[in-house]
Amino acid sequence: MALITISGYPAAGKSTRAAQLAAYFNHRINEDDYQGPISNVTLVSDHSLGLTPHVYDGSYSLSSPPTLCSSHLDSKSEKPARGALFTATQRLLSSDTVLIVDSLNYIKGFRYQMYCAAREMKLRTSTVRPCLRALSTVYQLAPPLENLFARFEEPSSMVRWDAPLFTVVWDDKDVPGPQIWDAITKGNLKPPNSGTLSAAKAPVDALHILEQVTTNLTTAIVSASCAQPTGGATVVSTSGIQFTVNLPQRALTLSELQRLKRQFVMVHKKAITLGTTERGAVDWREENIGQKFVQYVEEHAR
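Bear in mind the structure is a predicted one, so any value in this text is a computation, not a measurement.

Quick word on the overall build of the protein chain
A count of helices and strands for the protein chain gives ten helices and seven strands. Looking at the protein chain as a whole, 43% of its 302 residues qualify as buried. Excluding contacts between residues fewer than 6 apart, the proportion of contacts in the protein chain whose partners are at least 24 apart in sequence is 73%. Of the roughly 15800 Å² that the protein chain leaves accessible, carbon and sulfur atoms contribute 53%.

Written as structure tokens, this is what we have:
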């Protein structure tokens, strides 16, 4: 149903706001008059995955505990930590679930990655930014994590992967539940990013069908052109399927048709092997391949 990303500094109250959101959503979906699609509210966090903020600070590796006085930074812990969080997020995304991701989420590229994962599943997204009164307060609450403050990339309502953005200031007693509820239930549902769509795979016999149909039609069109050298509409067939082809006002040679056939097959082989041509939307039935080849011949044999 929706992905809600919590993004904020260490000790800014992210877990408190996430818990408040979860409680509000659970209350809404358990009301007697609610008949919407949401059936679950799920909270995933660094804590639930066994991660501490220090893995993002780079002050220790995952194989050893943090030392608050250590000056050695090992950023190797960050990537597996973010990978674990992203994997858990992908696994829990669902059309009937509101998923709240409680973490620092301090890198805009990571927030964009989660946004794309949600869009691919046609889910709405929102970002919640808890704030404290001043950074000096946060420094006092989380002194070992100063490195994260300099590296934190602020969420912005001006970019699509952070919008709609809800900022919750330090003295707010609760989150703006009704507004966030409307955003995840009534907001614009953006289509999946075309770059993330999975192309439909061609059937295993697609190459055989492509070769057989175009070879048979090449022979049939050459025969029809020899029998009707003045051109015009004529009917050719292969495997019992008839096609109408508009011949040019001249006789077509076998070598010319074979060249056109090779070009046509080369283009469609790319769709089979890479799944990129026409975004995988090619209809691999004999009727469709034959009609496409006839149109290709009409356009290029003039």
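There's more to say after this.
What about the side chain of S126?
When you line up the elements, S126 lands in strand 4 (residues 124–130). For S126, a relative accessible area of 2% translates into the label buried. Polar contacts involving the side chain of S126 include one to the main-chain carbonyl oxygen of P164, which spans 3.2 Å. Those residues in contact with S126 that lie beyond four places of it in its chain are L3, I4, T5, P164, F166, I180 and I184.

Structural notes on the layout of surface pockets
A volume near 230 Å³ is recorded for the largest pocket. Along its surface, the largest pocket is lined by 15 residues, and K14, S15, D46, P53 and D102 are the ones closest to its centre. The leading source of residues in the lining of the largest pocket is helix 1 (residues 14–29), at three residues. Within the lining of the largest pocket, the residues separate by chemical class into five nonpolar, seven polar and three charged.

Structural notes on the sheet that holds strand 4
Taken in spatial order, the five strands of this open sheet run 2-3-1-4-5, and their pairing is parallel. On the outer flanks of this sheet lie strand 2 (40–45) and strand 5 (165–168), each paired with one strand and no other. In this sheet, neighbouring strand axes are inclined to one another by 20° on average, regardless of whether the strands run parallel or antiparallel. Bridge analysis of strand 2 against strand 3 (residues 97–102) gives six bridges, and the strand direction is parallel. Across the sheet, residue S45 finds its bridge partner in strand 3, namely D102. Where helix 1 meets the sheet, its contacts fall on strand 1 (2–6), strand 2, strand 3, strand 4 and strand 5, and the angle it forms with strand 3 comes to roughly 170°.

With respect to the environment of I221
Structurally, the position occupied by I221 is in helix 8 (residues 206–227). In this structure I221 touches V236, L247, L252, L257, F293 and V297, once residues within four positions along its chain are discounted.

Quick word on the environment of P130
Inspection of the secondary structure puts P130 in strand 4. Other than its neighbours up to four places away in sequence, P130 contacts I6, S7, G8, A12, G13, K14, R17 and V168.

Digging into the nonpolar core
Inside soluble globular proteins, nonpolar side chains tend to come together where they are buried. With 26 residues, the main nonpolar core has L217, I221 and V236 as its most contacted residues. Counting residues per element, this core draws most heavily on helix 8, which supplies nine residues. What L217 contacts, discounting residues up to four positions off in sequence, is V236, T238, F243, G290, F293 and V294. Counting 25 residues, the second largest nonpolar core, distinct from the first, contains L85, V101, L104 and M114.

Digging into the pattern of salt bridges
Under the defined criterion, the tally for this structure stands at eight salt bridges. A salt bridge links E211 to K261; its shortest N-O distance comes to 3.2 Å. Of this pair, E211 sits in helix 8 while K261 is found in helix 9 (residues 254–274), placing the two residues 50 residues apart along the sequence. For K261, a relative accessible area of 16% corresponds to the buried category. A salt bridge links R250 to E256, with the nearest nitrogen and oxygen atoms 2.7 Å apart. The exposure class of R250 is partly exposed, given its relative accessible area of 29%. Look at E256 and you get buried, because its relative accessible area is 14%.

Conventions we followed
- Residues numbered from 1 in each chain as written.
- Predicted model: local features only at pLDDT ≥ 70, side-chain atom pairs only at ≥ 80, totals over all residues.
- Heavy atoms only, no water.
- Helix = DSSP H or I, 4+ residues; strand = E, 2+ residues; numbered from the N terminus.
- Buried < 20%, exposed > 50% of the residue type's maximum accessible area, 1.4 Å probe, protein only.
- Contact = heavy atoms within 4.5 Å.
- Areas by Shrake-Rupley, 256 points an atom, 1.4 Å probe, with all protein chains shown as cover.
- Polar contact = N/O pair within 3.5 Å; in protein donor to acceptor, adjacent residues only side chain to side chain.
- 1 Å grid on protein atoms, 1.4 Å probe; cavity = no way out; pocket = protein on both sides within 12 Å on 5 of 7 lines; lining within 4 Å.
- Points joined across faces, edges and corners; volume = space filled by probe spheres on them.
- Nonpolar A, V, L, I, M, F, W, Y, C, P; charged D, E, K, R; others polar.
- Pairing = 2+ DSSP bridges.
- Axes fitted to C-alpha atoms, helices over the stretch in contact; angles between N-to-C directions.
- Core = buried A, V, L, I, M, F, W, Y, C linked by side-chain atoms within 4.5 Å.
- Salt bridge = Lys/Arg side-chain N within 4 Å of Asp/Glu carboxyl O.

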